[in-house]
Amino acid sequence: GVCIVWTDITQRKRAEAALRTSEEDLREAQHVAHVGSWIWDVRSGDARWSDELYRIFGRDPSRGVPRLLSDDAHIFSPESPDKLQRLVKKTLGDASSYEVDLEFTHPDGTARWVAARGEAVVDPSGKVIGINGTAQDITELKQLQQLREEWTSVIAHDLRQPIGVITMSADLLPSLHPAGMNEAEGALTERIRKAG
């Protein structure tokens, strides 16, 4: 005899299609926002990165997730791993969240920046069993901040000389009026001195 069982899997196929669409939407949103996500299971030590996180760090997904908390990671600038390790240790101890800007070296040799955020994952008893987080590429923002600081320094330097000349002239004004200045001229001269 032959027994045939037919099962309607229409609902399952619809759910699978909806899940694929959601995953594609998430990947696209992360790419547009330059934000990658990651998950770290403390118990197993396994970590998972999103495609966008690999792109931000310029790493090949086929080589697996780099061990960012180890001393041999060589991704971050010298001071960044220490900051990250301290924050992760604190999160593991008290289930706190953290935010930190970290400098790293892209495989092309350029210095880049990410704003890393981490949040503890706790089991029902309150024990930390993992950390989930994001890393946003903020390299352009850091470059703009540096440019602003440079321009502010240049502008301040360029303004010092004319302001110095004006202040010096205000100091000399009383000696140019042997008969003395009237009250309005004296007040104006003092105002120039204080503003310089």
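Presented here is a report on the structure given in the accompanying data block. Keep in mind that this is a model prediction, so the values were computed, not measured. (Residues numbered from 1 in each chain as written. Predicted model: local features only at pLDDT ≥ 70, side-chain atom pairs only at ≥ 80, totals over all residues. Heavy atoms only, no water.)

**Things to note about the overall build of the protein chain**
Counting its secondary structure elements, the protein chain contains five helices and five strands. Sequence-ordered secondary structure for the protein chain, helices as α and strands as β, is α-β-β-α-α-β-β-β-α-α. For the protein chain, the spread of C-alpha atoms along the three principal axes comes to 130 × 40 × 40 Å. Considering only contacts within the protein chain whose residues lie at least 6 apart along the sequence, 39% involve residues at least 24 apart. Carbon and sulfur atoms form 56% of the exposed surface of the protein chain, whose accessible area is close to 14,000 Å². Computed over 24 positive and 31 negative side-chain charges, the separation of the two mean positions in the protein chain equals 4 Å. (Helix = DSSP H or I, 4+ residues; strand = E, 2+ residues; numbered from the N terminus. Contact = heavy atoms within 4.5 Å. Areas by Shrake-Rupley, 256 points an atom, 1.4 Å probe, with all protein chains shown as cover. Lys, Arg positive; Asp, Glu negative; His and termini not counted. Charge placed at Lys NZ, Arg CZ, Asp CG, Glu CD.)

**Topic: the sheet that holds strand β2 (residues 47-49)**
Taken in spatial order, the five strands make up an open sheet running β2-β1-β5-β4-β3, and their pairing is antiparallel. Of all the strands in the sheet, the pair left with one neighbour each is β2 and β3 (98-105). Put simply, the sheet's adjacent strands are angled 25° from each other on average, direction ignored. Sheet topology note: the strand β1 (residues 35-41)/strand β5 (residues 128-137) ladder contains seven bridges and is antiparallel. Paired with Asp41 across the strands is Gly130, a residue of β5. Across the sheet, helix α3 (residues 80-94) touches β1, β3, β4 (111-122) and β5, and the angle it forms with β3 is around 150°. Packed on one face of the sheet, helix α4 (residues 139-176) meets β3, β4 and β5 and runs near 125° to β4. (Pairing = 2+ DSSP bridges. Axes fitted to C-alpha atoms, helices over the stretch in contact; angles between N-to-C directions.)

**Considerations on the pairing of β5**
Within β5, seven of the 10 residues are buried, leaving the element largely enclosed by the surrounding structure. Across nine bridges, β4 lies against β5 in antiparallel orientation. Counted as the bridge partner of Val122 is Val128 from β5. As consecutive antiparallel partners, β4 and β5 are separated by five residues, and within that stretch Gly126 has a phi angle of approximately 95°, a positive value. (Buried < 20%, exposed > 50% of the residue type's maximum accessible area, 1.4 Å probe, protein only.)

**Brief notes about a nonpolar patch on the surface**
A contiguous nonpolar surface patch, about 660 Å² in accessible area, is contributed by Leu144, Leu147, Trp151, Val154, Ile155, Leu159 and Ile163. As for its position among the elements, Val154 is in helix α4. (Patch = residues over 30% accessible without salt bridge, like charges linked within 9 Å, V, L, I, M, F, W, Y side chains within 5 Å. Salt bridge = Lys/Arg side-chain N within 4 Å of Asp/Glu carboxyl O.)

**Brief notes about the nonpolar core**
Formed by 18 residues in total, the largest nonpolar core has its most connected members in Phe57, Tyr98, Leu102, Phe104 and Val114. Within the residue set of this core, elements represented by two or more residues are α2 (51-57), α3, β3, β4 and β5. (Core = buried A, V, L, I, M, F, W, Y, C linked by side-chain atoms within 4.5 Å.)

From the geometry alone we can't say anything about function, so treat these as descriptive.
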